[in-house]
Amino acid sequence: VDTTHRTASRGGRRLSLSQKELAVLERLLAAKGRPVSAEELLEGVWDGETDPFTNTVKVTINRLRSKLGEPSVIHTVPQAGYRIAHDDAS
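Residues numbered from 1 in each chain as written. Predicted model: local features only at pLDDT ≥ 70, side-chain atom pairs only at ≥ 80, totals over all residues. Heavy atoms only, no water.

**Q** Sorry, what's going on with the pairing of strand E3 (residues 74-77) here?
**A** For a regular strand, side chains alternate in direction, first toward one face of the sheet and then toward the other. Here 4 bridges tie E3 to strand E4 (residues 81-84), and the two strands are oriented antiparallel to one another. The residue bridging Val77 from the neighbouring strand is Gly81, located in E4. Connecting the antiparallel pair E3 and E4 is a turn made up of 3 residues, with Gln79 showing a positive phi of about 65 degrees. (Pairing = 2+ DSSP bridges. Helix = DSSP H or I, 4+ residues; strand = E, 2+ residues; numbered from the N terminus.)

This is the structure we're talking about:
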């Protein structure tokens with residue numbers, strides 16, 4: 001992720017990400033392997049008016065996983081949220 005130019009790439013291939021997808025990816029990478037809850041992502045990436053029961057985070061994570069390709073680097077941690085393992089991000 002290039003935070004200055006607001007772009008991301010994987011395996012030398014530039015990814016076409018929406019602003020929300022890029023912001024979610026940045027949050028997950030900044031957590032350095034710690035699970036980030038859907039609530040934390042809603043508060044940090046979306047505005048405070050977003051319905052906490054929405055599936056927006058899940059949909060965005062699924063789109064992001066698809067765009068990042070295989071092997072998947074975003075892992076679901078049951079009862080905790082989502083994370084990118086530190087060794088996956090390097």
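**Q** What is the right way to look at the nonpolar core in this model?
**A** A general trend in soluble globular proteins is that nonpolar side chains are found buried together. Counting residues in each nonpolar core, the largest one holds 22 residues, and the members touching the most others are Val24, Leu28, Leu41, Ile61 and Ile74. Counting residues per element, the ones that place at least two in this core are helix H1 (19-30), helix H2 (38-45), helix H3 (56-68) and E4. Looking at this core, the element that brings in the most residues is H1, giving 5 residues. Those residues in contact with Val24, other than ones at most four positions away along the chain, are Leu41, Val45, Trp46, Thr60, Ile61 and Leu64. (Core = buried A, V, L, I, M, F, W, Y, C linked by side-chain atoms within 4.5 Å. Buried < 20%, exposed > 50% of the residue type's maximum accessible area, 1.4 Å probe, protein only. Contact = heavy atoms within 4.5 Å.)

Shape is all these values report; function is a separate question.
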